[in-house]
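# Understanding the architecture of this molecule
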Amino acid sequence: MVEVGRKYVFDFDSTLTRVEALDVLAEMTLEGKSNRQEIVDQIQKITNLGIDGDISFTESLERRIKLLNANKSDLKGLVAELRQKISKSIESNKEFFEKFSDDIYVISCGFKEFIDPIVEEYNIPSERVYANTFKFDGQGNIIGFDEDNVLSSHNGKIECLKQLDLDGEVQVIGDGYSDYVMREAGIADKFFAYTENVHREKAADNADHVTPNLDEFLFVNDLPRNISYPKNRIKILLLENVHPAAFDNLSEDGFSVELVTHSLPEEELIEKIRGVHVLGIRSKTQVTQKVLDAANKLLVVGAFCIGTTQIDLECCKGKGIVVFNAPYSNTRSVVELAIGEIIMLMRSVFPRSTEIHNGQWQKTAAGSREVRGKNLGIVGYGNIGKQLSVLAEAIGMRVYYYDVDDKLALGNAIKCNTLENLLNVSDVVTLHIDDNKANKNFIGEREIAQMRDGAMLINLSRGFVVDIGALSNALKTGKIAGAAVDVYPEEPGSNGTFESELQGLPNVILTPHVGGSTEEAQRNIADFVPNKIMDYINSGNTVDAVNFPNIRLPKQKNAHRFLHIHKNVPGIMAKINEVLAKFEMNISGQYLSTDSEVGYVITDLDKEYNKDVIKALKKVDHTIKFRVLY
């Protein structure tokens, strides 16, 4: 229960708003002036000196107002600007300010002229706002401030809070020196350093608690809040040097993110995974059952790649851990490499290049052919295969494709009913099949024998789908005239030495698993996967999850959302609703999706709940995971 008589004292600048109001006013009033940036920088420097207590607040205020050159008429525009710059987590927790307005005070060294109209929208009346006031001349120019106001003097907040003589525990929430000295002076019980907008070391070092957002402050005090569990407490571990944009996207949404440049072996990952809520990996990290057993808080695994064989998907599902990947983000990159390699192989570019590098001039047309009019066989007609089909046709190739599923042809592509038919007809065969373990040695000695003499083979899919020994023999005998290989049955965990029996063979292009490794693809993945992760953490959406029933639904306002993951056995929904009925919970929306093994139900409730209902829902038979979202 909330303690009776607790009072909350908020700073305004850089706490309730994301900015320092006088800095914004300076930028507005100096618009168009040649020395605008110089003066704005000067004002910001003076602001910071005052906030950190390096100069007296009175001196800071006097110096800034002299530089401002502002008029009363500018304040209307300033208020409009500040309304757009309310701190993100303050804005999303308006309910707290409305519900506890009698216990909330604003004590600021800013000015009532712009603070009052902003906080009024949060149900804080002018009489509970303590701030400075401007002095104006006859033309409305701002020429100073009321020097008799206690808040215009150094450590004025201490005196102001003393005069208020508030009952009960007093908690101060702010970002600077003038806020934490109230606790140091003994007239406030706790100081919370608010770091959502600016992290000031002095304030953080002197805080009882560092609160990166209002959600954290409300969580610590067990007060009503927009989300049940603050995002800054959700730990995300990103491995294998994923694109820095992923770190930025997740950090900006408020999560605590750690970036590691390499993959971790199983034992190290077992140690590291404890306490982690979200794990981001690429293709090298093995997420095994042992790792998952140690992952006591894991909610999501994000694969920043297409393949997911490195993840024990069934174990994840059994533990209620959702897995997302990036099935589309690097499609274009792989397709462009395939097109390039088709041309390079058909023209024997690499042998000619090697000869030149070795100081030999061998100008010849032998073994150099145009791709126009040649037959391209695409094995696997998914996202990559289809896009390759379109581009290959655009450069004049005849396209044939084979897929185990029934896929509609694009353009003039011709469907082959069997793999053998495709191999018989193709001048170039390119593989784009998935990482199903049944595809091991999909192309082996028998399949190579079915290919045209002198055909080419490209593998940009999975290393284990081609029998490397059989391919090597076919290249040496001339059965296969050339090959391009980007993936291998065994690949190193990090950059370094590598050996393959394909090395040194003529007209063979070898690349180190870089089919999807372009700047554009990595950036696309760094946007796509974090968005899926954030969508699940923030609203419960599982659309595009690899191992989980898919549910798409909007984020609710003025509602509570419960997420319940359970084994898919009969009667679970009835038991959940029985619990909700017992506690007289009114359901405003309910969403269920199941697969053969698990069920995922989301329930939106428009009524306050006590913690007993949560305990009861967690005890429902066959519950795997339960989470209160907000």
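See the structure printed just above.
This is a predicted model, so every value here is computed, not measured.

Turning our attention to the overall build of the protein. Counting its regular elements, the protein contains 25 helices and 24 strands. Taken over the C-alpha trace, the protein has a radius of gyration of 32 Å; the compact-globule value for 630 residues is 25 Å, which it surpasses by more than 25%. Taken along the three principal axes of its C-alpha coordinates, the protein extends 95 × 70 × 45 Å. Counting all 630 residues of the protein, 52% fall into the buried class. By sequence separation, contacts in the protein at least 24 residues apart represent 62% of the contacts at least 6 residues apart. Carbon and sulfur atoms make up 47% of the accessible area of the protein, which amounts to about 28800 Å² in all.

The subject of this paragraph is the pattern of salt bridges. Oppositely charged side chains can form a pair if their charged atoms are brought close together. In the structure shown here, the tally under the stated rule is 33 salt bridges. For Asp253, the salt bridge is made with Lys88, and the minimal N-O distance between the two is 3.7 Å. Placement of Asp253 in the loop between α13 (244-252) and β10 (256-259) and of Lys88 in helix α6 (residues 88-91) is noted, with a sequence separation of 165 residues between them. Ionic pairing is found between Arg274 and Glu271, a salt bridge with its closest N-O pair at 3.4 Å. The exposure class of Glu271 is exposed, given its relative accessible area of 57%. Three or more residues joined by partner-sharing salt bridges are found here, namely Asp11, Lys157 and Asp179.

On to the sheet that holds strand β20 (residues 508-510). Pairing within the open sheet is parallel, and its seven strands lie in the order β16-β15-β14-β17-β18-β19-β20. Edge positions in the sheet fall to β16 (414-415) and β20, since each has one partner strand and no second. Pairing of strand β19 (residues 480-485) with β20 involves three bridges; the strand directions are parallel. Along β20, the bridge assignment pairs Val485 with Leu510. Running over the sheet, helix α22 (residues 468-477) touches β18 (455-459), β19 and β20 and is turned about 140° from β19.

What follows is about the packing of aromatic side chains. Applying the stated criterion to the full structure yields 22 aromatic pairs. When the ring of Phe114 is compared with that of Phe134, the centres are 6.4 Å apart and the planes differ by 55°; the resulting orientation is tilted. Pair noted here: Phe114 is in helix α8 (residues 112-119) and Phe134 is in strand β4 (residues 134-136), with a separation of 20 residues, a long-range link. Here Phe114 and Phe134 have matching classes, each one buried. For the pair Phe192 and Phe217, a centre-to-centre distance of 4.8 Å together with 90° between the ring planes defines the contact as edge-to-face. Of this pair, Phe192 sits in strand β7 (residues 190-194) while Phe217 sits in helix α12 (residues 214-220), and the two are 25 residues apart along the sequence.

With respect to the secondary-structure elements, Pro492 resides in the loop between β19 and β20. Apart from residues lying up to four places away in sequence, Pro492 is in contact with Lys284, Thr497 and Phe498.

This part covers the nonpolar core. Core analysis: the biggest nonpolar cluster contains 50 residues, and Phe10, Phe12, Phe96, Phe97, Phe114, Leu214 and Phe217 have the highest contact counts within it. In terms of residue count, the dominant contributor to this core is helix α2 (residues 21-29) (five residues). Apart from the residues lying within four places of it in its own chain, the contact partners of Phe96 are Tyr8, Phe10, Ile104, Leu214, Phe217, Leu218, Leu223 and Pro224. Within the second largest apolar cluster, 35 residues are counted, among which are Ala245, Leu250, Phe548 and Ile565.

What follows is about α8. Taking burial as the measure, the eight residues of α8 include seven buried ones, the bulk of the element. For α8, the complete set of buried residues consists of Lys112, Phe114, Ile115, Asp116, Pro117, Ile118 and Val119.

It is at 8 Å that the axes of α13 and helix α23 (residues 519-539) come closest, and there the two elements cross at 30°. On the basis of their axis angle, the class for α13 and α23 is roughly parallel. Seen along the crossing, α13 lies across α23 with a hand that is right-handed. For the pair α13 and α23, contact is made by Ala245, Ala246, Asn249 and Leu250 and by Arg523, Ala526, Asp527, Pro530, Ile533 and Met534, respectively.

All right, on to the sheet that holds strand β24 (residues 623-628) then. If you trace the four strands from one edge of the open sheet to the other, you get β22-β23-β21-β24, paired in antiparallel fashion. A strand with exactly one partner marks an edge of an open sheet, and here the two such strands are β22 (587-594) and β24. Sheet twist, expressed as the mean angle between neighbouring strand axes with direction ignored, is 10°. The pairing of β22 with strand β23 (residues 598-605) spans seven bridges and is antiparallel. Directly across from Ser593, in β23, lies its bridge partner Tyr600. The strands touched by helix α24 (residues 572-582) within the sheet are β21 (560-567), β22 and β23, with β22 carrying the most contacts at an inclination of about 160°.

This part is about the packing of helix α9 (residues 156-164) against helix α10 (residues 177-184). Direction vectors running N to C along α9 and α10 enclose 50°, while the axes themselves pass 8 Å from each other. Considering the angle they form, α9 stands oblique to α10. As α9 packs across α10, the resulting crossing turns out to be right-handed. Contacts between α9 and α10 involve Lys157, Ile158 and Leu161 from the former and Ser178, Asp179, Val181 and Met182 from the latter. Partitioned by chemical class, the residues of the contact of α9 with α10 number four nonpolar, one polar and two charged.

Moving on, we get to helix α14 (residues 266-273). Those residues of α14 not exposed but buried are Leu269, Ile270 and Ile273. In a view along the axis of α14, the buried residues occupy a sector of 105°, so they form one face of it. Exposed and facing more than 90 degrees away from the buried side of α14 are Glu267 and Glu271. Looking at the buried side of α14, the elements it contacts are β9 (235-238), β11 (278-281) and α15 (289-294). At the C-terminal side of α14, Gly275 shows a positive phi close to 85°.

Structurally, Thr309 can be placed in the loop between β12 (300-303) and α16 (313-318). Using a relative accessible area of 41% as the deciding quantity, one classes Thr309 as partly exposed.

The rules we used
Residues numbered from 1 in each chain as written. Predicted model: local features only at pLDDT ≥ 70, side-chain atom pairs only at ≥ 80, totals over all residues. Heavy atoms only, no water. Helix = DSSP H or I, 4+ residues; strand = E, 2+ residues; numbered from the N terminus. Rg over C-alpha atoms; globule rule 2.2 N^0.38 Å. Buried < 20%, exposed > 50% of the residue type's maximum accessible area, 1.4 Å probe, protein only. Contact = heavy atoms within 4.5 Å. Areas by Shrake-Rupley, 256 points an atom, 1.4 Å probe, with all protein chains shown as cover. Salt bridge = Lys/Arg side-chain N within 4 Å of Asp/Glu carboxyl O. Pairing = 2+ DSSP bridges. Axes fitted to C-alpha atoms, helices over the stretch in contact; angles between N-to-C directions. Phe/Tyr/Trp six-rings, centres within 6.5 Å; stacked < 30°, edge-to-face > 60°. Core = buried A, V, L, I, M, F, W, Y, C linked by side-chain atoms within 4.5 Å. Parallel < 35°, antiparallel > 145°, perpendicular 65-115°, else oblique. Left-handed = near helix turned anticlockwise from the far one by under 90°. Nonpolar A, V, L, I, M, F, W, Y, C, P; charged D, E, K, R; others polar. Arc of directions from axis to C-beta.

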